[in-house]
Amino acid sequence: MILEQLLLGIMVVAVTLLLLPFLLVMAGVGAAMLLWFVVSATVLGALIFWVVFPGTYGLAILLLVLVIGLLLVDRQTRHGAP
């Protein structure tokens, strides 16, 4: 009985160690895809703002920088960075 549990534990550790690099790569790909969607949504929002208000280039850029800055500050405060 103890030998069976020991073998099961060794198999679980072996499978975990084999799958860990794959899972880390997939998490990185998922993060890259999420970043791509956020960037494309931001660019699309800026384009729509520019079409609706064509004479306010400075305000559009200011709002875009403000939104990106607020997102970065929010991300740093969530992770507890100083």
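It should be emphasised that the depicted structure is a prediction, and the values quoted were computed from it without experimental measurement. (Residues numbered from 1 in each chain as written. Predicted model: local features only at pLDDT ≥ 70, side-chain atom pairs only at ≥ 80, totals over all residues. Heavy atoms only, no water.)

### So, the overall build of the protein chain
Next, step 1: Looking only at helices and strands, the protein chain features two helices and zero strands.
Next, step 2: Scaling as 2.2 N^0.38, a compact globule of 82 residues should have a C-alpha radius of gyration of about 12 Å, whereas the protein chain reaches 23 Å, well beyond that.
Next, step 3: The principal-axis extent of the C-alpha atoms belonging to the protein chain is close to 75 × 30 × 15 Å.
Next, step 4: By residue count, 1% of the 82 residues in the protein chain fall in the buried class. (Helix = DSSP H or I, 4+ residues; strand = E, 2+ residues; numbered from the N terminus. Rg over C-alpha atoms; globule rule 2.2 N^0.38 Å. Buried < 20%, exposed > 50% of the residue type's maximum accessible area, 1.4 Å probe, protein only.)

### Details of the UniProt feature "transmembrane region" (unreviewed entry) in the protein chain
Next, step 1: Annotation from UniProt places "transmembrane region" (unreviewed entry) at residues 6-26 and 57-73.
Next, step 2: With 100% helix and 0% strand, the stretch residues 6-26 has end C-alpha atoms that lie 30 Å from each other.
Next, step 3: Structurally, residues 57-73 is divided into 100% helix and 0% strand, and its ends, taken at the C-alpha atoms, are 24 Å apart. (UniProt positions renumbered as here; feature names shortened; annotations may be inferred.)

### Some words on helix 1 (residues 2-52)
Next, step 1: Between its first and last C-alpha atoms helix 1 spans 72 Å; for 51 residues at 1.5 Å apiece the expected length is 75 Å, and the two agree.
Next, step 2: Helix geometry: helix 1 is bent most strongly at Leu19, by close to 35 degrees, with proline Pro21 lying one to four residues after it. (Expected span 1.5 Å × (residues − 1). Bend = angle between axes of the 7 residues up to and from the residue.)

### Quick notes on the packing of helix 1 against helix 2 (residues 57-78)
Next, step 1: It is the contact of helix 1 with helix 2, at a shortest axis distance of 10 Å, that shows an interaxial angle of 155 degrees. Compared by their axis directions, helix 1 and helix 2 come out roughly antiparallel. Judged by the twist between their axes, the crossing of helix 1 over helix 2 is right-handed. On the side of helix 1, the interface is formed by Thr42, Phe49 and Trp50, while helix 2 contributes Tyr57, Leu59, Ala60, Leu63 and Leu64.
Next, step 2: Along the lines of polarity and charge, the residues of the contact of helix 1 with helix 2 split into seven nonpolar, one polar and no charged. (Axes fitted to C-alpha atoms, helices over the stretch in contact; angles between N-to-C directions. Parallel < 35°, antiparallel > 145°, perpendicular 65-115°, else oblique. Left-handed = near helix turned anticlockwise from the far one by under 90°. Contact = heavy atoms within 4.5 Å. Nonpolar A, V, L, I, M, F, W, Y, C, P; charged D, E, K, R; others polar.)

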